[in-house]
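Take a look at the letters that make up each chain.
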2 protein chains.
Amino acid sequence: MRVYDIILKKRNGERLSKEEINFMIEGYCKEEIPDYQMAAFLMAVYFQGMSPEEATDLTMAMVNSGDRVDLKAIAGFKVDKHSTGGVGDTTTLVLGPIVAAAGGKVAKMTGRGLGHTGGTIDKLESIPGFRTSLTMEEFTENVNRIGLALMGQTKELAPADKRIYALRDVTATVDSTPLIAGSILSKKLAAGSDGIVLDVKTGSGAFMVKYEDALALAEAMVAIGEGAGKRMVALITSMEEPLGQAIGNAIEVKEAIDTLKGEGPKDLEELCIELGANMLLISEVVRNLKEARERLREVIENRKGLEKLKEMVKTQGGDPKAIDDPSLLPQCKERIEVESLGEGYVQKIDAFSVGVSSQVLGAGRQKKEDVIDSSVGVLLKKKIGDKVKAGEPLAIFHTDGDRKKIENAKEKFLASYSIGKEKVKKPKFFYARVTKKGVEEL
Amino acid sequence: MRVYDIILKKRNGERLSKEEINFMIEGYCKEEIPDYQMAAFLMAVYFQGMSPEEATDLTMAMVNSGDRVDLKAIAGFKVDKHSTGGVGDTTTLVLGPIVAAAGGKVAKMTGRGLGHTGGTIDKLESIPGFRTSLTMEEFTENVNRIGLALMGQTKELAPADKRIYALRDVTATVDSTPLIAGSILSKKLAAGSDGIVLDVKTGSGAFMVKYEDALALAEAMVAIGEGAGKRMVALITSMEEPLGQAIGNAIEVKEAIDTLKGEGPKDLEELCIELGANMLLISEVVRNLKEARERLREVIENRKGLEKLKEMVKTQGGDPKAIDDPSLLPQCKERIEVESLGEGYVQKIDAFSVGVSSQVLGAGRQKKEDVIDSSVGVLLKKKIGDKVKAGEPLAIFHTDGDRKKIENAKEKFLASYSIGKEKVKKPKFFYARVTKKGVEEL
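Just so we're clear, the structure is a prediction, and the values are computed from it rather than from any experiment. (Residues numbered from 1 in each chain as written. Chains lettered and ligands numbered in written order. Predicted model: local features only at pLDDT ≥ 70, side-chain atom pairs only at ≥ 80, totals over all residues. Heavy atoms only, no water.)

### Considering the overall build of chain A
Here is step 1: Along the backbone of chain A there are 17 helices and 14 strands.
Here is step 2: Each principal axis of the C-alpha atoms in chain A carries an extent, and together these give about 65 × 45 × 40 Å.
Here is step 3: When contacts within chain A are restricted to residue pairs at least 6 apart in sequence, long-range pairs at least 24 apart make up 77% of them.
Here is step 4: Of the roughly 17900 Å² of accessible surface on chain A, a fraction of 48% belongs to carbon and sulfur atoms. (Helix = DSSP H or I, 4+ residues; strand = E, 2+ residues; numbered from the N terminus. Contact = heavy atoms within 4.5 Å. Areas by Shrake-Rupley, 256 points an atom, 1.4 Å probe, with all protein chains shown as cover.)

### Focus: the relation of the copies chain A and chain B
Here is step 1: Superposition record for chain A on chain B: RMSD 0.0 Å, screw rotation 180 degrees, translation along axis 0.0 Å. With respect to symmetry, the two chain copies, as superposed, fit the operation of a two-fold axis. Ranked by how close their C-alpha atoms come to the rotation axis, the residues of chain A are headed by Tyr36(A), at 1.8 Å.
Here is step 2: An overlap of 100% is found between the interface residues of chain A and their copies at the interface of chain B, pointing to a shared contact surface. (Least-squares fit on C-alpha atoms with pLDDT ≥ 70 in both.)

### Brief notes about the sheet that holds strand β1 (residues 79–83) of chain A
The strands making up a sheet associate through hydrogen bonds between their backbones, and the pairing can be parallel or antiparallel.
All names here are of chain A.
Here is step 1: Here we have 5 strands laid out as an open sheet, ordered β1-β4-β5-β13-β14, and mixed in their pairing. The sheet terminates laterally at β1 and β14 (438–441), the two strands that pair on one side only. In this sheet, neighbouring strand axes are inclined to one another by 20 degrees on average, regardless of whether the strands run parallel or antiparallel.
Here is step 2: Seen against the sheet, helix α12 (residues 266–282) touches β1, β4 (195–202), β5 (231–238) and β13 (430–435) and runs at an angle of roughly 150 degrees to β4. (Pairing = 2+ DSSP bridges. Axes fitted to C-alpha atoms, helices over the stretch in contact; angles between N-to-C directions.)

### Describing the nonpolar core
Considering soluble globular proteins, one finds that nonpolar side chains tend to be buried as a cluster.
Here is step 1: Judged by nonpolar contacts, the single largest core of 52 residues is most densely connected at Ile25(A), Met38(A), Phe41(A), Ile25(B), Met38(B) and Phe41(B).
Here is step 2: Residues within four places of Ile25(B) in sequence aside, it is in contact with Met38(B), Leu58(B), Ala61(B), Met62(B), Ala160(B) and Ile164(B). (Core = buried A, V, L, I, M, F, W, Y, C linked by side-chain atoms within 4.5 Å. Buried < 20%, exposed > 50% of the residue type's maximum accessible area, 1.4 Å probe, protein only.)

### Overview of the packing of aromatic side chains
Each aromatic ring pair is described using two quantities: the centre-to-centre distance and the angle formed by the ring planes.
Here is step 1: Here the structure, examined in full by the defined rule, presents 11 aromatic pairs over all chains.
Here is step 2: Arranged with centres 5.5 Å apart and planes meeting at 85 degrees, the rings of Phe397(A) and Phe413(A) form a pair that is edge-to-face. Highlighted residues: Phe397(A) in strand β11 (residues 393–399) and Phe413(A) in helix α17 (residues 403–415), separated in sequence by 16 residues. Each member of the pair, Phe397(A) together with Phe413(A), is buried.
Here is step 3: The rings of Tyr46(A), Phe47(A), Tyr46(B) and Phe47(B) are connected pair by pair, giving a single aromatic cluster.
Here is step 4: Over the face of the ring belonging to Tyr431(A) we find Lys428(A), whose NZ or CZ atom lies 5.8 Å from the ring centre. (Phe/Tyr/Trp six-rings, centres within 6.5 Å; stacked < 30°, edge-to-face > 60°. Lys NZ or Arg CZ within 6 Å of the ring centre and 35° of its normal.)

### Description of the pairing of β11(A)
Residue and element names in this part refer to chain A.
Here is step 1: Burial of β11 is extensive: 6 of the 7 residues sit out of reach of the surface.
Here is step 2: The sheet contact formed by strand β7 (residues 334–339) and β11 spans 6 bridges and is antiparallel. Residue pairing across strands places glutamate 339 opposite proline 393, the latter belonging to β11.

### Some remarks on the environment of Lys348(A)
All names here are of chain A.
Here is step 1: Here lysine 348 lies in strand β8 (residues 344–349).
Here is step 2: With 107 residues separating them along the chain, lysine 348 and glutamate 241 place their C-alpha atoms 7.5 Å apart.
Here is step 3: Non-local contacts of lysine 348, meaning those with residues more than four positions away in its chain, are made with Ile384, Ser416, Tyr417 and Ser418.

### Topic: the pattern of salt bridges
Here is step 1: For the structure shown, the criterion picks out 66 salt bridges over all chains.
Here is step 2: The salt bridge involving Asp161(B) is made with Lys187(B); its shortest N-O contact spans 3.4 Å. Pair noted here: Asp161(B) is in helix α8 (residues 159–170) and Lys187(B) is in helix α9 (residues 177–190), with a separation of 26 residues, a long-range link.
Here is step 3: For Lys187(B), a relative accessible area of 34% puts it in the partly exposed group.
Here is step 4: The salt bridge involving Glu270(B) is made with Arg297(B); its shortest N-O contact spans 3.2 Å. Here Arg297(B) lies in helix α13 (residues 289–301) and Glu270(B) lies in helix α12 (residues 266–282), a separation of 27 residues in the sequence.
Here is step 5: A relative accessible area of 34% places Arg297(B) in the partly exposed class.
Here is step 6: If you follow the salt bridges from partner to partner, you end up with Asp80(A), Lys108(A) and Lys188(A) in one network. (Salt bridge = Lys/Arg side-chain N within 4 Å of Asp/Glu carboxyl O.)

### Re the interface of chain A and chain B
Here is step 1: Contact with chain A, which involves 22 residues of that partner, is made by 22 residues of chain B.
Here is step 2: Buried area between chain A and chain B, summed over both chains or domains, comes out near 1800 Å², and the portion from carbon and sulfur atoms is 69%.
Here is step 3: Interface area lost by chain A to chain B is led by Arg11(A), Tyr36(A) and Phe47(A), which between them contribute 36%.
Here is step 4: One salt bridge connects Asp175(B) with Arg11(A), and the closest N-O pair in it is separated by 2.6 Å.
Here is step 5: Applying the counting criterion to the chain A and chain B interface returns 8 residue pairs in polar contact (both at pLDDT 80 or more).
Here is step 6: Contributions of two or more residues to the side of chain A that touches chain B are made by α1 (3–11), α3 (35–48) and α8 (159–171) of chain A.
Here is step 7: Taken together, the residues of the side of chain A that touches chain B break down into 13 nonpolar, 5 polar and 4 charged. (Buried area = accessible area lost by both parts, 1.4 Å probe. Polar contact = N/O pair within 3.5 Å; in protein donor to acceptor, adjacent residues only side chain to side chain. Nonpolar A, V, L, I, M, F, W, Y, C, P; charged D, E, K, R; others polar.)

### A closer look at the packing of α1(A) against helix α2 (residues 18–29) of chain A
Helix-helix packing is characterised by the crossing angle of the two axes and by the distance between the axes.
All names here are of chain A.
Here is step 1: Relative orientation of the contacting elements α1 and α2 amounts to 120 degrees, with a least axis distance of 10 Å. Of the possible angle classes, the one that applies to α1 and α2 is oblique. In the crossing of α1 with α2, the sense of the turn from one axis to the other is left-handed. Of the residues in α2, those touching α1 at Val3, Ile6 and Lys9 are Glu20, Phe23 and Met24.
Here is step 2: Here the contact of α1 with α2 is composed, by residue class, of 4 nonpolar, no polar and 2 charged. (Parallel < 35°, antiparallel > 145°, perpendicular 65-115°, else oblique. Left-handed = near helix turned anticlockwise from the far one by under 90°.)

### Brief notes about unusual backbone geometry
Here is step 1: Phi angles above zero are rare outside glycine, and Ala158(A) is one such case at about 45 degrees.
Here is step 2: Within the secondary structure, Ala158(A) is located in the loop between β3 (148–152) and α8.
Here is step 3: The buried category is assigned to Ala158(A), whose relative accessible area is 1%.
Here is step 4: Residues other than glycine seldom take positive phi values, yet Glu284(B) does so here, at roughly 60 degrees.

Here's what the structure looks like:
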């Protein structure tokens, strides 16, 4: 087998065998295949795409390049969730507890964030005492006992993906559907769950702006995961504006707590119920989605979800009182109202810019080494379709009092809102549900 | 300016500016741009192509990466010729003398061959005493005096092309029209002539098998050359079978001598007259192609072309008696008739395989270090459309007597001939003439 022939074959639009794909990935990991041949190959994949079988083979080759998390010690069906990212995405902190409270098993390894806010691990660490480093024994034991554990990724999952991603990043080959799908799923498949529910975002604030691209990615991921023997569902949901109201770390934990009480933002609650319902369905804890939704609404109403969060916090060394009394979470120095300059209805919100303004306040990292300030962030007061008067607050900034940061963030934030005279509808939120059986528009 | 943005732009099918292309080529030469980014860029060019302006900019960037031959000391219009390669291509040895005899100025730098036979330099070196290394002073003086000089390439012409070609060769990005055109023309433009006539081969024995591909290459090269201020003509000609009869070194020199006497193979003679006519036309030595052809036929009939060859040989230290008496050229040890197994008409000849059989006999190099045997090669006795009886010779092998080589070459050679019952026509030879005014089908 020769690398040249494999590049040529892909360039010419032919399908690659599993052996050829393994040869490429293994050879690249062993540094027997140089970067320049991999770069040419990736660009050929960008143009020619990959069949579902090829994409599965690529993903599995990347999974096999590193460690795999062994969850056999956990009884029953383990279900995971992954979101393709967006702004103000607090879902995991709500989903984990309600799904576990409703009978699912959630054993989730997750990373730190690089971007406008921290990752789930950073958010959890804003709870006093909470430990995100567990041994594998603690991790599996906790899930067996309470149905839920969230920990930082310790093992080297899919190192081939890491190397290939770094190369894609400098060769303009990031936005290729099979490569994105493979990159996401290689880490997810290595993380050991039996089923995965994907939240694929689309809209102006998402990586996949166009619905068609999000759909293609969702279909590719479902096909890859099913090809690898997992149960898969993908929901395509809107990211035309930030999800919920909070964009930060402690303030997102607070928002999750509110949502677990049924007092959170409705878009966040609905998204958690839909994702959770699909997690319960593939876990075979329920017979259908309707039953699943009912159960999830029930664990919100009777606060069993909130209890589950407290149970997890306690199990992982955190202070459960902070869940009952969120004022025990890190509090910012100064709250600042950001007032609307214009008057009318919110037409559009550039979610990405809102994220950047939260990052500027200190909620996110620009470089890996940056330290996050858990207490800061942006709390939205107006979303698309809302009526707003001049001088009325669009948001509350939670800040450390640094004027320069505040001014900078304010400028970015105000530029992200379009306010106009015309009445506008709330954007459509749920687009489609994708399973191995096909696409169901919602 | 960032490499990433340039790759992305090309990947997305946008046009690059001259500055962007210079940035890529200069950065690559200075090793500031790594191979992997250049590889991704080249694959993007493979898929998205280049506009004529971009291809000219790329070519000029490669020209500017190295030395340029200065032919200013030669009075008048200097004309060059380039063939995209084929099997048994003796044209330069005929063309140079007849064009110079008819009043053109041919100052040609040429390389050694890597392939089925030697390059023009290797062929010339089979003439006893002939020197292919000249000083630039000798080179320009000779052309001023006798209108013709052929020398080995000494300067480093277009080193960027050399590096980029090596990368294309291992990343499956060789067969891209603008990249091929740029690679050929960068060396030709650096070689300093004022006009270039291109012989673009098409057919089963050519690099561009399909006419459309050859046409695209011809158009690209004409546009690039004109864009660089040169007068350009391209002829698209057939390579469905080897050109002429001889495939070797000394035997090709002998064939050139025969052709200069009007006693050579007709396909070779006609090709030389057409290429030469276009060389004279762009040199403005004649008013039109008809007049040019008449002049060239005249210098063949009155042997002034042959005299010119002798004059050049003498000027460059060779023995002119070898031109009068080709038995003074290197002679092989043993001639062997290769007999036809079948009977009927020659339907097809795989020119490439015939070339390989000549290489096996010792006429060509597989590696740069290989030493060529000037005396050996293949002399065809039958070409497409010819009638042949079983046992009749298809070719005469000129060999060094080595049985193993002979058997090996015979096997390759016989496999390259298809003989069948049906009468077949000679393949069409001249397809099209391409100038900046457009394509004229022939």
